[in-house]
Amino acid sequence: MSLNSALSTQAAAPSRQRRRAALTLGVLPLALLGAVVLAVGSGAVAISPAQVLSILYSPLGLPPLEAFDPQQAAVLSGIRLPRVVLGALVGAGLAVAGAAMQGLFRNPLAFPGLLGLSSGAGLAAAASVVLGFTALGPYSLPVAAFTGSLLCTVLISVLAQSRGRVEVSTMLLAGIAVNALCGAGTGLMTFLATDEQLRTITFWSLGTLGGATWPGVLSAAPLILLGALLLPLLGRALNALTIGEHGAASLGVPVTAVKWVTITLIALSVGAGVAVSGTIGFVGLVVPHLLRLLTGPDHRTLLPASALAGATLLVLADLLARTVVTPAELPIGIITALIGAPFFLHLLRARRGQERP
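Residues numbered from 1 in each chain as written. Predicted model: local features only at pLDDT ≥ 70, side-chain atom pairs only at ≥ 80, totals over all residues. Heavy atoms only, no water.

Considering the overall build of the protein
Line of reasoning, step 1. Within the protein, the regular secondary structure consists of 14 helices and two strands.
Line of reasoning, step 2. The globule rule puts the C-alpha radius of gyration for 357 residues at 21 Å, and the 22 Å found for the protein is close to it.
Line of reasoning, step 3. A total of 357 residues make up the protein; the buried ones form 46% of that total.
Line of reasoning, step 4. A sequence separation of at least 24 residues applies to 77% of the contacts in the protein between residues at least 6 apart.
Line of reasoning, step 5. On the protein, roughly 17200 Å² of surface is accessible, and the fraction owed to carbon and sulfur atoms is 70%.
Line of reasoning, step 6. With 19 positive and 10 negative side-chain charges, the protein shows a spacing of 17 Å between the two charge centroids. (Helix = DSSP H or I, 4+ residues; strand = E, 2+ residues; numbered from the N terminus. Rg over C-alpha atoms; globule rule 2.2 N^0.38 Å. Buried < 20%, exposed > 50% of the residue type's maximum accessible area, 1.4 Å probe, protein only. Contact = heavy atoms within 4.5 Å. Areas by Shrake-Rupley, 256 points an atom, 1.4 Å probe, with all protein chains shown as cover. Lys, Arg positive; Asp, Glu negative; His and termini not counted. Charge placed at Lys NZ, Arg CZ, Asp CG, Glu CD.)

Things to note about the environment of Val 258
Line of reasoning, step 1. Topologically, Val 258 is positioned in helix H11 (residues 255–277).
Line of reasoning, step 2. Separated by 24 residues in sequence, Val 258 and Leu 234 have C-alpha atoms that sit 7.6 Å apart.
Line of reasoning, step 3. When near neighbours in sequence (up to four residues on either side) are disregarded, Val 258 contacts Ala 237, Leu 241 and Val 253.

Digging into the environment of Thr 323
Line of reasoning, step 1. Looking at where Thr 323 falls in the secondary structure, it is placed in helix H13 (residues 299–323).
Line of reasoning, step 2. Taking the C-alpha atoms as reference, Thr 323 lies 6.6 Å from Gly 43; in sequence the two are 280 residues apart.

What to know about the pattern of salt bridges
Line of reasoning, step 1. Using the criterion set out here, one finds four salt bridges in the structure.
Line of reasoning, step 2. Between Arg 300 and Asp 298 there is a salt bridge, with the nearest N and O atoms lying 2.9 Å from each other.
Line of reasoning, step 3. Across the pair Arg 322 and Asp 318 runs a salt bridge whose closest N-O atoms are separated by 3.9 Å. Placement of the pair is Arg 322 and Asp 318 together in helix H13, with a separation of four residues, close to one helical turn.
Line of reasoning, step 4. What emerges from the salt-bridge pattern is a single network uniting Arg 83, Asp 318, Arg 322 and Glu 329. (Salt bridge = Lys/Arg side-chain N within 4 Å of Asp/Glu carboxyl O.)

Some words on a positive patch on the surface
Line of reasoning, step 1. On the surface, Arg 16, Arg 18, Arg 19 and Arg 20 cluster together into a patch of positive charge.
Line of reasoning, step 2. Among the structural elements, Arg 18 can be located in helix H1 (residues 3–41). (Patch = residues over 30% accessible without salt bridge, like charges linked within 9 Å, V, L, I, M, F, W, Y side chains within 5 Å.)

Notes on the environment of Gln 51
Line of reasoning, step 1. With respect to the helices, strands and loops of the structure, Gln 51 is situated in helix H2 (residues 49–57).
Line of reasoning, step 2. Once the C-alpha coordinates of Gln 51 and Ala 73 are considered, the two residues, 22 residues apart in sequence, prove to be 8.8 Å apart.
Line of reasoning, step 3. Setting aside residues no more than four positions away along its own chain, Gln 51 makes contact with Ala 46, Glu 66, Ala 67, Phe 68 and Gln 72.
Line of reasoning, step 4. Within polar-contact distance, the side chain of Gln 51 engages the backbone nitrogen of Ser 48 at 3.0 Å.
Line of reasoning, step 5. Engagement of the side chain of Gln 51 in a polar contact is seen with the backbone oxygen of Ala 67, the distance being 2.8 Å. (Polar contact = N/O pair within 3.5 Å; in protein donor to acceptor, adjacent residues only side chain to side chain.)

Some words on the confidence of the model for the protein
Line of reasoning, step 1. Per-residue confidence for the protein averages 83 on the pLDDT scale, and 92% of its residues sit at or above 70.
Line of reasoning, step 2. Ranking the elements of the protein by mean pLDDT puts strand S2 (residues 165–166) last, at 64, and H13 first, at 93.
Line of reasoning, step 3. Taken together, the stretch residues 1–11 has pLDDT below 50 and engages in one contact with residues farther than four places along the chain or on a different chain. (pLDDT = per-residue confidence, 0-100.)

Focus: unusual backbone geometry
Generally, phi is negative for residues other than glycine and the peptide bonds are trans, each holding for most cases.
Line of reasoning, step 1. At Phe 282, a position not held by glycine, the phi torsion is positive, near 75°.
Line of reasoning, step 2. Mapped onto the elements of the fold, Phe 282 is located in the loop between H11 and helix H12 (283–295).
Line of reasoning, step 3. Residue classification places Phe 282 among the partly exposed residues on the basis of a relative accessible area of 23%.

Concerning the side chain of Asn 239
Line of reasoning, step 1. Position of Asn 239 among the secondary structure elements: in helix H9 (residues 235–241).
Line of reasoning, step 2. Leaving out residues up to four positions away in the same chain, Asn 239 has contacts with Pro 297, Asp 298, His 299 and Arg 300.

Structural notes on helix H7 (residues 195–205)
Line of reasoning, step 1. Three or more residues of H7 are buried, namely Gln 197, Ile 201 and Trp 204. Along the axis of H7, the buried positions cluster into a sector of 75°, meaning they face one direction only. Looking at H7, the residues exposed on the side facing more than 90 degrees away from the buried face are Asp 195, Glu 196 and Arg 199.
Line of reasoning, step 2. Gly 207 occupies a position one or two residues after H7 and carries a positive phi of about 90°. (Arc of directions from axis to C-beta.)

Section: the packing of helix H3 (residues 70–105) against H11
Line of reasoning, step 1. Relative to each other, H3 and H11 sit at 150°, their axes nearing to 9 Å. By the angle between their axes, H3 is roughly antiparallel relative to H11. As for how H3 packs across H11, the hand of that crossing is left-handed. Between H3 and H11, the contacting residues are Leu 86, Val 90, Gly 93, Leu 94, Ala 97, Ala 100, Met 101 and Leu 104 on the first element and Lys 259, Thr 262, Ile 263, Ile 266, Ser 269, Val 270, Gly 273, Val 276 and Ser 277 on the second.
Line of reasoning, step 2. In the contact of H3 with H11, the residues fall into 11 nonpolar, five polar and one charged. (Axes fitted to C-alpha atoms, helices over the stretch in contact; angles between N-to-C directions. Parallel < 35°, antiparallel > 145°, perpendicular 65-115°, else oblique. Left-handed = near helix turned anticlockwise from the far one by under 90°. Nonpolar A, V, L, I, M, F, W, Y, C, P; charged D, E, K, R; others polar.)

Side note on a nonpolar patch on the surface
Line of reasoning, step 1. Side chains of Leu 225, Leu 226, Leu 229, Leu 230 and Leu 233 sit close together on the surface and give an oily, nonpolar patch of about 470 Å² of accessible area.
Line of reasoning, step 2. Tracing the backbone shows Leu 225 in helix H8 (residues 214–230).
Line of reasoning, step 3. Accessibility expressed as a relative area gives 36% for Leu 225, which makes it partly exposed.

Shown next, in the form of structure tokens:
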């Protein structure tokens, strides 16, 4: 190959990557819309796409595209739609948080579970069930879970702080230790639980959207959307961090402030999501890594694409969870683990091969 040909190939690579990124960002909203229409229409009560649209705009007084009965309208508006909206919110929050964590740690194997967010929420939720905390009614368990995840984040952040700076490697090690402690605490709560309490803890710890209601959606939406909408604004700073903290600081990036803001937004997104849906693993690992292969490492594209893809993945995973063993329902965490765990092992094997001399 001549020198001119080599230079042309190198120049064409970023152009192809930009085209793929633009195509991905154009396709993902359509994929999410299709997943939502499929999910709200599937189940014991079938609702066609035309009926879905007719039910949604019926309050406007417009003529329906297709006739529907009151049962279909009640199922769509009261059961399926809040569940699908919650799934899209949680999936978006988990995926964008995972992409931000991978950029912050400069490691594609990083995901929100490493910071102890899920385990802290799980311990607080298990404790609220076993100790009978019902002061807030139906919001008691979600509030306890969010408080647990927030406390774990604060604890890990304090442990990782040194002379006013957050040491990322120390934060990772602190997260592993806190995960172990929270796991032990959850095990103790499980040991002390009655049979009914044990079933609640087990089902919640595996993740579920089965109890989704509009009040629950509205309680979690502001916090999740705060992270999903603001984290992409940190894309340029996370790009700079790929060359190291000193290099990013030399480019004018306020490294410490970026770390704190990123960690706080991750905690809000993941903590609120776990509080209303339980522990759903691997979404924050699989989605960003797959999209990085399509859109490239630019976080300005990767973060919004991850939010859209994560929402689509969780909507489809929940559809599978509630239809594959009808009339029973699988915890959604089982579906995402069956997808994510083999993918995580594949990543480990691939990185091991790259590190060999």
